[in-house]
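Understanding the architecture of this molecule
Each chain, letter by letter, is given below.
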Amino acid sequence: MSKKILLDKINVPGIKTYEVYRKEGGYASVEKAIKAMTPDEVVEEVKKSGLRGRGGAGFPAGMKWSFIDKKSGKPRHLVCNADESEPGTFKDRYLMEFIPHLLIEGMITSSFALGANLSYIYIRGEYMWVFKILERAIAEAKAAGWLGKNILGSGYDLELHVHCGAGAYICGEETALIESLEGKRGNPRIKPPFPAVSGLWANPTVVNNVETIASVPWIINNSGDDYAKIGIGRSTGTKLISASGHVKNPGVYEIELGLSVDEFMNSDEYLGGMSSNRPLKALVPGGSSVPILPADLIFKTANGEDRLMTYESLSDGGFATGSMLGSGGFIVYDDTACIVRNTWNFARFYHHESCGQCTPCREGTGWLEKVLWRIENGQGREEDIDLLWSIQSKIEGNTICPLGDAASWPVAAAIRHFREEFEYHVRFPERVKNRNHFVTEPFNKVKHLVSKQTV
C-alpha cells in the first residue's frame, strides 16, 4: 500500500468534527509553526519538500510563497482556490467534504508563513453543501481558539472566510478568482503585476489549490526532507487522482508519485482494470484540458520506457507523444468511446465557459464546437479536419489566460492521434448519426474502410 498523507484519517468515524479531528492529531502543525518556528522557517520547509501546485500548473509552492511582497507594508492574503471545475476532476471536493479541518489547518499554517491576517477559501457555486461544511468547520476552529485574535497567545491574528462563486470555470484562473472575490466580473487580469505583488485589493496575495494547502500540515509536522523522500525526482510527495470512465473501480485515490500508469490502472489496489473487460482505447490523464493519449502511448513512452504517474513522465515526448499530469483528472476510455464526440463535448464546455475577453478564445472556441458538432453529426466535410487544426493553432498562446490553451490542446491531440476516426466520420456520415455508433461496432472493426475509401 502506498503512503497516505491526505487521506490517512478520512475514514475515521466523525473526522468531519473538530473534536475527532483534534483527537487524531489535528492542528498540531499550527501549534508547531506558531510556537516553535518563524514564518520564514515554515516557508523553507515547504521549499525543501518540493511540493508543487496540485491544481494543474505544478509550480513549486514554496517558491511561489517566497515571491510574496513583504517590503510594501501592505496587508497580505492567502486565497485557497477551491473552484474545482475541470471536467474529470473531483478530488478537492472529496477532501473538503469528508475532512474539512485538514484544509482549515493548512490555511492557518500557510497564512502564518505568509504573514496573512485575512484569508479566503473561494469555492465553486455548485458546491453549496460543501460550502456549509466548511463554514461549520471554521466556526468550530474559531470557537477552539485556532482563528481570531492572538492565536495561542502568540500575537498572531487570522480571520478566515469562505466565499462562494457563481459557477464560472474561468474563476479557477487565479486572477479571475481575485476579480470575482472583489465583487467584479470574473475576467482574468493581464500579468504582470502578478498576485504576489498586487493581488486581492492590490495587496500581495498567494493563491493555492485545496490539495496543495492540505499537504502543508504533514510537511510541518514531519519535515520538508521527509516529504521529498516520497515520490521520485522533482515529483515529490503524494497526489490525489480523480479516476473515472471505463474502469472497474472509479473514485479518488492518493498515490505516491512515481507509481506506474500500468499498476495504477490494472492493479486491484487501484482501478482494477477495464470495466466489462473491453480493450483500452485512450486516456486523458490530467483533466479535460490536457492532451488525450492513444492506447500505445499510455503504459509506455515513445522511447519504450514505463510511463509513470509523475509530472515528468506523463509529459515525456512533449505534446507529440505525451500529455500532462494536470489536476489529476484521470479519464479512461474503452473501444466503444467516440473520440470525435468526446472532443466535441470538451469543446462545448470551453466555449460555454470562455469569459469572452480575448477574441481568439471567444470566437475560436465557438468555431471549434460548431465544426466538431458538424463532423460528429454526419455533416462534416473533408477540409473540416484541417480547419479544426488551423483554428486551435490560432487560439493557443494568443489569450490572456490558459483557457484558450485548454480548449486547443484536446482538439490538437485528438486529431494528432485519432485522425482516421475523424476521416471515418466525414466519409461515412450515415454510420455515425447514431450517437452510440462505436458501441456495437468499435472503430477498430471499421477502420479498414477509411483506407479503402478514396477522396
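Residues numbered from 1 in each chain as written. Predicted model: local features only at pLDDT ≥ 70, side-chain atom pairs only at ≥ 80, totals over all residues. Heavy atoms only, no water.

Note the following rule: UniProt positions are given in the numbering used here, feature names are shortened, and annotations may be inferred rather than shown by experiment.
The protein is annotated in an unreviewed UniProt entry as NADH-quinone oxidoreductase subunit F from Flavobacterium magnesitis. In UniProt, the protein has this text filed under Function (unreviewed entry): "NDH-1 shuttles electrons from NADH, via FMN and iron-sulfur (Fe-S) centers, to quinones in the respiratory chain."

A word on the overall build of the protein
Short version of the rule: Runs of E in the DSSP output that reach at least two residues are strands. Runs of H or I that reach at least four are helices, and both are numbered from the N terminus. Our radius of gyration looks at C-alpha atoms and nothing else; its globule reference is 2.2 Å times the residue count to the power 0.38. Burial classification: accessible surface area is computed with a 1.4 Å probe over protein chains only, and a residue below 20% of its type maximum counts as buried, one above 50% as exposed, and the rest as partly exposed. Throughout, a contact is declared for two residues whenever any of their heavy atoms are within 4.5 Å. All accessible-area figures derive from a Shrake-Rupley calculation using a 1.4 Å probe, and residue coverage is judged against the displayed protein chains alone. In this tally, Lys and Arg are treated as positive and Asp and Glu as negative; His is ignored, and so are the chain termini. Taken as the charge location is NZ of Lys, CZ of Arg, CG of Asp or CD of Glu.
Counting secondary structure elements, the protein contains 21 helices and 11 strands. A globule of 455 residues ought to have a C-alpha radius of gyration of about 23 Å, and the protein, at 23 Å, matches this closely. Split into buried and exposed, the 455 residues of the protein put 58% on the buried side. Long-range pairs, those at least 24 residues apart, make up 69% of the contacts in the protein with a sequence separation of at least 6. Counting every atom, the protein has about 18,100 Å² of accessible surface; 52% of that belongs to carbon and sulfur. With 52 positive and 55 negative side-chain charges, the protein shows a separation of 2 Å between the mean positions of the two kinds.

With respect to the packing of helix H6 (residues 100-114) against helix H7 (residues 128-143)
Under the convention used in this document: To obtain an axis, a line is fitted to C-alpha atoms, over the contacting stretch when the element is a helix, and the angle between two such axes runs from 0 to 180 degrees between their N-to-C directions. Any angle that is under 35 degrees is reported as roughly parallel, and any over 145 degrees as roughly antiparallel; angles of 65 to 115 degrees are reported as roughly perpendicular and all others as oblique. Helix crossings get a hand from a simple test, with the near helix turned counterclockwise from the far one by less than a right angle marking a left-handed crossing and a clockwise turn marking a right-handed one. Each residue is assigned to one of three groups, with Ala, Val, Leu, Ile, Met, Phe, Trp, Tyr, Cys and Pro labelled nonpolar, Asp, Glu, Lys and Arg labelled charged, and all others, Gly among them, labelled polar.
Two elements in contact, H6 and H7, have axes separated by 9 Å at closest approach and are oriented at 60 degrees. Judged on the interaxial angle alone, H7 and H6 are oblique. Pair H6 / H7 crosses with right-handed handedness. In contact with Pro100, His101, Leu103 and Ile104 of H6, H7 contributes Ile133, Leu134, Ala137, Ile138, Glu140 and Ala141. Partitioned by chemical class, the residues of the contact of H6 with H7 number eight nonpolar, one polar and one charged.

Some thoughts on the packing of H6 against helix H9 (residues 210-221)
Remark: H6 packs on H9, axes separated minimally by 8 Å, with the N-to-C direction vectors making an angle of 75 degrees. The orientation of H6 with respect to H9, classified from their angle, is roughly perpendicular. Contact residues: H6 offers Leu102, Leu103, Glu105, Gly106, Met107, Thr109 and Ser110, while H9 offers Val210, Ile213, Ala214, Val216, Pro217, Ile220 and Asn221.

Focus: the sheet that holds strand S9 (residues 280-284)
What counts here: Strands are treated as partners if at least two bridges between them are detected by DSSP.
Read across the open sheet, the five strands follow the order S8-S7-S11-S9-S10; overall the sheet is mixed. Pairing within the sheet leaves two strands with one partner each, and these edge strands are strand S8 (251-256) and strand S10 (293-294). Pairing of S9 with strand S11 (residues 329-334) involves four bridges; the strand directions are antiparallel. Bridge pairing in S11 places Val284 opposite Ile331.

Digging into the environment of Val450
By the secondary structure assignment, Val450 is in helix H21 (residues 448-452). Considered as a pair, Val450 and Arg427 are 23 residues apart in the sequence and their alpha carbons are 7.7 Å apart. If near-sequence neighbours (up to four positions away) are discounted, Val450 is found in contact with Glu420, Glu423, Tyr424, Arg427, Phe428 and Phe443.

A look at the pairing of strand S7 (residues 238-245)
Within S7, seven of the eight residues are buried, which leaves the element mostly enclosed by the surrounding structure. Note that S7 and S8 share six bridges and pair antiparallel. When the sheet's bridge partners are listed, Ile241 is paired in S8 with Tyr253. Linking two consecutive strands that pair antiparallel, namely S7 and S8, is a turn of five residues.

With respect to the pattern of salt bridges
Note the cut-off: What counts as a salt bridge is simple: a side-chain nitrogen of Lys or Arg found within 4 Å of a carboxyl oxygen of Asp or Glu.
According to the stated counting rule, one finds 37 salt bridges in the structure shown. Here Glu179 and Arg189 are joined by a salt bridge, their closest N and O atoms 2.7 Å apart. Here the residue Glu179 occupies a position in helix H8 (residues 174-181), and Arg189 occupies one in the loop between H8 and strand S4 (205-209), the gap between them amounting to 10 residues. Residue class for Glu179 comes out buried when judged on its relative accessible area of 13%. Two residues, Arg278 and Asp335, come together in a salt bridge whose shortest N-O distance is 2.7 Å. Here the residue Arg278 occupies a position in the loop between helix H11 (261-266) and S9, and Asp335 occupies one in the loop between S11 and helix H14 (339-353), the gap between them amounting to 57 residues. For Arg278, a relative accessible area of 30% corresponds to the partly exposed category. Asp335 gets classed as buried once you look at its relative accessible area, which sits at 12%. One network of salt bridges, in which partners are shared, links Arg54, Lys91, Asp92, Glu211 and Lys239.

Here's the deal with the sheet that holds strand S1 (residues 77-82)
Here we have four strands laid out as an open sheet, ordered S3-S2-S1-S4, and parallel in their pairing. Across the chains shown, the open sheet's two edge strands, defined by having one partner strand only, are strand S3 (159-164) and S4. When the angles between neighbouring strand axes are averaged without regard to direction, this sheet yields 20 degrees. In the packing of H8 onto the sheet, the strands contacted are S1, strand S2 (118-123), S3 and S4, and the crossing angle to S2 comes to about 105 degrees.

Re helix H2 (residues 28-36)
Here is the rule we go by: Picture the helix axis, draw a direction to every C-beta atom, and the arc is the one those directions span.
Residues of H2 that are buried include every one of Ser29, Val30, Ala33 and Ile34, and no others. The arc enclosing the buried residues of H2, seen along the axis, measures out at 115 degrees, which places them on a common side. Along H2, the residues that are exposed and aim more than 90 degrees away from the buried face are Lys35 and Ala36. In this fold, the buried residues of H2 make contact with helix H3 (39-49), H6 and H9.

Some points on the side chain of Glu105
The following threshold applies: Throughout this description, a polar contact denotes any pair of N or O atoms lying within 3.5 Å of each other; where both atoms belong to protein, one of them has to be capable of donating a hydrogen while the other can accept it, and for residues adjacent in sequence the pair is counted only when both atoms sit in side chains.
Along the polypeptide, Glu105 turns up in helix H6. Lacking a salt bridge, the buried Glu105 has Arg22 as its closest oppositely charged neighbour, with an N-O distance of 7.2 Å. At 2.4 Å, the side chain of Glu105 forms a polar contact with the side chain of Tyr21. Contact partners of Glu105, with chain neighbours within four places excluded, come to Tyr21, Gly26, Tyr27, Ala28, Ser29, Val30, Pro217 and Asn221.

With respect to the state of the cysteines
As a reminder, the rule being used: Cysteine sulfur pairs qualify as disulfides if the two atoms are within 2.5 Å.
Throughout the structure, instances matching the rule amount to zero disulfides. Distance from the sulfur of Cys164, which forms no disulfide, to the nearest cysteine sulfur (Cys171) is 11 Å. Lacking any disulfide linkage, Cys171 is separated from the closest cysteine sulfur, that of Cys355, by 9.2 Å. Residue classification places Cys171 among the buried positions, given a relative accessible area of 4%.

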